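Spelled out from the first residue to the last, the chains are:
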Number of protein chains: 6
Amino acid sequence: MLSAYRLREEPYYRPVGDEVGLFAAAAAARLPMILKGPTGSGKTRLLEHMAWRLGRPLVTVACHEDMSAADLVGRWLLEPAGTVWQDGPLTRAVRHGAICYLDEVVEARQDTLVAIHPLTDSRRMLPLERTGEVVRAHPDFLLCVSYNPGYQAAQKDLKESTKQRFGALAFGYPDPAREAEIVAHEAGVEAALAARLVRVGAASRALVAEGLAEGASTRMLIQAGRLIAAGIGFVPACTLAVATPLTDDPALRDALAALLDAQATG
Amino acid sequence: MLSAYRLREEPYYRPVGDEVGLFAAAAAARLPMILKGPTGSGKTRLLEHMAWRLGRPLVTVACHEDMSAADLVGRWLLEPAGTVWQDGPLTRAVRHGAICYLDEVVEARQDTLVAIHPLTDSRRMLPLERTGEVVRAHPDFLLCVSYNPGYQAAQKDLKESTKQRFGALAFGYPDPAREAEIVAHEAGVEAALAARLVRVGAASRALVAEGLAEGASTRMLIQAGRLIAAGIGFVPACTLAVATPLTDDPALRDALAALLDAQATG
Amino acid sequence: MLSAYRLREEPYYRPVGDEVGLFAAAAAARLPMILKGPTGSGKTRLLEHMAWRLGRPLVTVACHEDMSAADLVGRWLLEPAGTVWQDGPLTRAVRHGAICYLDEVVEARQDTLVAIHPLTDSRRMLPLERTGEVVRAHPDFLLCVSYNPGYQAAQKDLKESTKQRFGALAFGYPDPAREAEIVAHEAGVEAALAARLVRVGAASRALVAEGLAEGASTRMLIQAGRLIAAGIGFVPACTLAVATPLTDDPALRDALAALLDAQATG
Amino acid sequence: MLSAYRLREEPYYRPVGDEVGLFAAAAAARLPMILKGPTGSGKTRLLEHMAWRLGRPLVTVACHEDMSAADLVGRWLLEPAGTVWQDGPLTRAVRHGAICYLDEVVEARQDTLVAIHPLTDSRRMLPLERTGEVVRAHPDFLLCVSYNPGYQAAQKDLKESTKQRFGALAFGYPDPAREAEIVAHEAGVEAALAARLVRVGAASRALVAEGLAEGASTRMLIQAGRLIAAGIGFVPACTLAVATPLTDDPALRDALAALLDAQATG
Amino acid sequence: MLSAYRLREEPYYRPVGDEVGLFAAAAAARLPMILKGPTGSGKTRLLEHMAWRLGRPLVTVACHEDMSAADLVGRWLLEPAGTVWQDGPLTRAVRHGAICYLDEVVEARQDTLVAIHPLTDSRRMLPLERTGEVVRAHPDFLLCVSYNPGYQAAQKDLKESTKQRFGALAFGYPDPAREAEIVAHEAGVEAALAARLVRVGAASRALVAEGLAEGASTRMLIQAGRLIAAGIGFVPACTLAVATPLTDDPALRDALAALLDAQATG
Amino acid sequence: MLSAYRLREEPYYRPVGDEVGLFAAAAAARLPMILKGPTGSGKTRLLEHMAWRLGRPLVTVACHEDMSAADLVGRWLLEPAGTVWQDGPLTRAVRHGAICYLDEVVEARQDTLVAIHPLTDSRRMLPLERTGEVVRAHPDFLLCVSYNPGYQAAQKDLKESTKQRFGALAFGYPDPAREAEIVAHEAGVEAALAARLVRVGAASRALVAEGLAEGASTRMLIQAGRLIAAGIGFVPACTLAVATPLTDDPALRDALAALLDAQATG
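Residues numbered from 1 in each chain as written. Chains lettered and ligands numbered in written order. Predicted model: local features only at pLDDT ≥ 70, side-chain atom pairs only at ≥ 80, totals over all residues. Heavy atoms only, no water.

- Under an unreviewed UniProt entry, the name given to chain A is Denitrification regulatory protein NirQ, and the source organism is Methylobacterium crusticola.
- Reading the Sequence similarities (unreviewed entry) entry of the UniProt record for chain A gives the comment "Belongs to the CbbQ/NirQ/NorQ/GpvN family." (UniProt positions renumbered as here; feature names shortened; annotations may be inferred.)

### Some remarks on the interface of chain D and chain C
Here is step 1 of the chain: Each partner contributes to the interface: chain D provides 43 residues, whereas chain C provides 40 residues.
Here is step 2 of the chain: For the pair chain D and chain C, the number of links is 3 salt bridges.
Here is step 3 of the chain: The shortest N-O distance in the salt bridge between E107(D) and K159(C) comes to 3.6 Å.
Here is step 4 of the chain: Scanning the region where chain D abuts chain C turns up 9 residue pairs in polar contact (both at pLDDT 80 or more).
Here is step 5 of the chain: Residue assignment for the side of chain D that touches chain C shows that the elements contributing at least two residues are helix 2 (43-54), strand 2 (58-62), strand 3 (74-79), helix 4 (89-96), helix 9 (218-229) and helix 10 (234-246) of chain D.
Here is step 6 of the chain: The biggest single contributor to the side of chain D that touches chain C is helix 10 of chain D, with 6 residues.
Here is step 7 of the chain: When grouped by side-chain class, the residues that make up the side of chain D that touches chain C number 20 nonpolar, 9 polar and 14 charged. (Contact = heavy atoms within 4.5 Å. Salt bridge = Lys/Arg side-chain N within 4 Å of Asp/Glu carboxyl O. Polar contact = N/O pair within 3.5 Å; in protein donor to acceptor, adjacent residues only side chain to side chain. Helix = DSSP H or I, 4+ residues; strand = E, 2+ residues; numbered from the N terminus. Nonpolar A, V, L, I, M, F, W, Y, C, P; charged D, E, K, R; others polar.)

### As for the packing of helix 8 (residues 191-206) of chain D against helix 10 of chain D
Residue and element names in this part refer to chain D.
Here is step 1 of the chain: In contact at an axis separation of 12 Å, helix 8 and helix 10 are set at 30 degrees when each is read in the N-to-C sense. Viewed along their axes, helix 8 and helix 10 adopt a mutual orientation that is roughly parallel. In terms of crossing hand, the pair formed by helix 8 and helix 10 is right-handed. In contact with L193, R196, L197, V200 and S204 of helix 8, helix 10 contributes F234, C238, V242 and L246. (Axes fitted to C-alpha atoms, helices over the stretch in contact; angles between N-to-C directions. Parallel < 35°, antiparallel > 145°, perpendicular 65-115°, else oblique. Left-handed = near helix turned anticlockwise from the far one by under 90°.)

### A look at the relation of the copies chain D and chain C
Here is step 1 of the chain: With an RMSD of 0.0 Å, the operation that places chain D on chain C is a rotation of 60 degrees combined with a shift of 0.0 Å along the axis. One copy is carried onto the other by what is essentially a six-fold rotation axis.
Here is step 2 of the chain: Each copy contacts the other with its own distinct surface, as only 2% of the interface residues of chain D are interface residues in chain C too. (Least-squares fit on C-alpha atoms with pLDDT ≥ 70 in both.)

### Considering the relation of the copies chain F and chain A
Here is step 1 of the chain: Superposing chain F onto chain A requires a rotation of 60 degrees together with a translation of 0.0 Å along the rotation axis, leaving an RMSD of 0.0 Å.
Here is step 2 of the chain: By residue overlap, the copies meet through two different surfaces: only 2% of the interface positions of chain F are interface positions in chain A.

### What to know about the domain arrangement of chain A
Residue and element names in this part refer to chain A.
Here is step 1 of the chain: Here chain A is partitioned into domain 1 (3-170) and domain 2 (176-263).
Here is step 2 of the chain: For domain 1 versus domain 2, the separation of C-alpha centres amounts to 32 Å.
Here is step 3 of the chain: With 10 residues of domain 1 at the interface, the matching set in domain 2 holds 9 residues.
Here is step 4 of the chain: Interface area, domain 1 with domain 2, both sides summed: about 830 Å², of which 45% is carbon and sulfur.
Here is step 5 of the chain: Seen at the junction of domain 1 and domain 2, the total is 2 salt bridges.
Here is step 6 of the chain: Across the pair E186 and R45 runs a salt bridge whose closest N-O atoms are separated by 3.2 Å. (Domains from an automatic or database assignment. Buried area = accessible area lost by both parts, 1.4 Å probe.)

This is the structure we're talking about:
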């Protein structure tokens, strides 16, 4: 079951602290987990790593405000033989012992969040109100959610009664040496270039104080590195992969351009 | 009927006052009940205890603002032989004599709340307007609702005409000795550690005056205890299970860290 | 027809003034009626009494803002032989000569309210726009609506063109002697205890000036009386059945507690 | 066709001015008509009279904000032989030559109002967009709409491009002598009593300056008259049929009571 | 195809300037067109004239805010043999070479407006996303939209990316001599009376400065002329056909009455 | 597959800088792309050019706020043999290796934007939550989105977690010589006339400082050129194709008229 959700190869993951051990202990205690941190800080990567390590399928659901409880839990379909129930991604994970990952959970509506309550206390069950069935969670089932505290609006927050059902790990950007190691490995570039890209990233994060919504993620630096590896120049590659996506504001665009020029010559 | 909703083993419950006797008297008088109190203060536990004690199934519905009356009462399904009515969780409880528990009832829309009115006065009936059937309540049927007065918004309150149909019990945090007893029993840790965890909980509740939305529930303390029992250190376990889930505010995060350090060495 | 909606036994009703005669005259003139008054002041009881007295079924619909005209009038259902029309509660009452009672009518949307217009003038007909049928009202059909002027929001009011189609009766709390008589009869308690409960009710109603949303209804006093009759003490019974449901405000909770203590010793 | 919508007997109508001749000329010119005026000022009565006089069925639709274009024009129904189109009330009137009366048209949404545009210019056609059919209007088809300018909110007004497709007649309250004649005829009471009721009506209309939303309509006075004819006293009958429905404001209620007392003794 | 949408007789049209030649050139260049101008200024008439002249069917859609893209493009219907696609009015026009006229286009929602984008650039195609079909436009297909800049709210405007896909013609009221000619021809009245009616129209348009929403259209003057031709007096005919529909404001009503009196005697 | 989405002839494209090379490198790196710039600045043209050059089908979806995730991903249809899944345009592109172009992506709701997340990181997969299938992207699949930063409202912006998954190219108006070359080629007019049209465009863009929402696009200038080539005069052609569509403001209309007069004589 759920073989499409099993990782085919070991995902690259470079630990920052004791997060692997803590996550494993929480999983053993069946404690649902919140992963918090900025875009591209490695939340999804840790989960992929843990899914591989624990040998469990990983069912990811990108949350959004139009997602209904039925999108998670399941719905009735009309078949020639009548209406047939179809499990949603959460129900499949609950039945078959996957890690269910609700990405950007604060985007979801309240009905999503309360639907998971009976799965997060000692009951570990999912009542399918539309069928009358009560699904007892598989022992391997684990619920994880993520959000970015940086741009989480006041009106989009987890309810206290939801938060208190979870443990949590907080993520930040990796330190420069570790980030350069990741960029070099993922983009296939040499260490010096990776270090220059990491300096671009750090400088862009400093622009948050000037009004930039968010600095460049490690992912953006890797994308720039790949374009450079394919023969594009440093400035055009970083403009395309980092500066232009980040902002439409003329002053910030100029600041980012200056910052690229500063690294252009290594 | 409703065997999936019968408790399989006696739930652990540590009474705080005369709530068991009062609830039993209200149940005997068929008085619908409101349970009020903060997250994790034992409202659900009391209900599970009473369901076990009274030998009745417990049908729990987590309320949310997208829940319609049909989600409670039932709906028509299209089957090969035509449309077939399917009872919702409330109707099943009414017919077969269960306790129906509407958790966080103030989250529900008005149609949910008025749908229960004919069940809460001398009529004790549920008119299924979509079928024309009038279901008379089973003698064992009991309606219970809960909410948390602490973070209940002004616009989310029970209507007066709803409130006046119910009796109510108010819950608070247990006193330190009793809370330590619960933490020790549930987490499987010794009394001294449980007492340290309870001091963490009390200190976190004092931070509400500093802007924390809600202090740590007994449930959070139990979760921290379990991680410690599994070999995680006191501070990392409490950080993961208590401090990180509770807040994203830097000042409050520092205050929680200080508070953990204060208990770290017992 | 509508036998499920016929009262099985004569409901207890203690008249306050000439409301029985006035209602009977309005019913004879086929004048639709508004019943106004606070929660638990006897509006539903009068209607049950009149339904029994006039020998007509009573079809009650609890109004709410998600109720559509289809919930009142009827809808198409898909059956093996095709779509089949199913009368809603209003249409059943119109066809078969019941009293149709729209409880808390100001909660309903405009489409509910205008759907009843052709039933409330000389036409006395209900056009089923979705079938093309025009249902002429049975001679015994009577339309009644109720609302509570006390907490009726400005934006939730009957339209003038609706109001002017109705007669109206206004309800208040019964005077102390009559209320004590009702409490004693309904709760099965003796006169002295009933008088103490009635003093609790009157004192709670005086707290409206201090910010309480609404004072205790007669129904609440009866519920307290029943618990006392079952062996619960005066203060715990009144706390559970009156004070705790009424408010979450600490000052009002203290005022209610003081008021119970004042009556605790008779 | 549409026989259910033909009037069975000649409706009583007491003309106020030349409105019968003007309406007949507009109908002959196929000019769609707006009838404006307060509640109960005779708009519906004139239409019933003209429908009888012109020998045409009268299809009345009470407009509301939840009414969709499909409610007017028609919809697809699922039948054993597949989906079948069912004409709505407007389409039936257009095909078979009825007067279609949209009561309180400003309550309807824009889609209702623009759906009638092609019927109100030289095209006189109704495109059924959901079937692809274009229905040419029967020569006897006439469109009439009504609204009450008195409590028509700014945001609920006909669009200019709609207004300019219509002629219009304005209605007010009848003068005292004519109103007394109507009340006496309709309620079956003698002239002196009718005159007293008409004075109650006029006095209530003067209270609009004091904040009353709208004065008593002629209809309300007739309802009071009928109760008096059935044996109820003057003051209780007028209280039930006029004063209590009109307001919940204590000061206005007292003013209405004083006004009834003034007429109580003739 | 689309024969129901072909004009049966040549529509009367009195050109104001070179609009016929300009429109013909735009049609030859397949340039989509916007027609702008006040109510009744001849936008629809020009289109009917051009449809007749170019020998193309004219499919008119009155836009409104509840119109969905499916109302324009088409939808799936359930038939005995399964679901069957039914083209909407736009798709029919695209396939068979009609002029598709979206009347009051700014009332439509964004999904309507972007659905037409691929039809208005060099692609001239309509992707039916719900079927997967891509309909290439018939060479004779022409898209026209209209709106009234006078009462077009700020939040209801075409998007720049939509506007820039269109050419546009602006319409105003005809000059007095030409308007009198139109009124005389359409209402069947003599020149002197037509001139008086045209003076009424001009005077009403001057009242816009006093707060009138919009002056009388040529259409209104024609309607008044027809009533006069049928024997109604000048003032009652203009009151019914012009003054009463235009306003409910007492001061403006008086101003319109004075203006009618001034023309009453020729 | 997707042959309807293959371009039939090579689209004309005049490069502005190194955008063709950069886009090709990004496509080779499978980096999703954002194209930013004003209306008619060549975003769509570049994409058509690249689709032709790379030999891939181009599936364009015009985004709007009523577009649901189902419109992109697919939906269940009822067929005689039961419900059948139908891929949406995104899913077709993912399966068969097309470029999927989401035009004006900021108009789309959040559910559209998060639905594309798993396609834009190393997973390159599209989970069809309604079927349970996980579609792995074809190696040729490429995702492109566009928006206009000029009139993009604050509340309509890409989320940071979306932006950081893309590379981006920014577009502006071409310089005068290049724009004249494009206009001459596309409209079939000679260089001198094209230069005059380009001066009209530049002058209109300068009016943005005076309050014009957006200046004339190159597309508008081409449309004016085509009308002139068909025999319409310079001023009437530019009025119809440029000035009248651009604004309803009298002052801006006069400014545009003056600007046309200035170029009228070459």
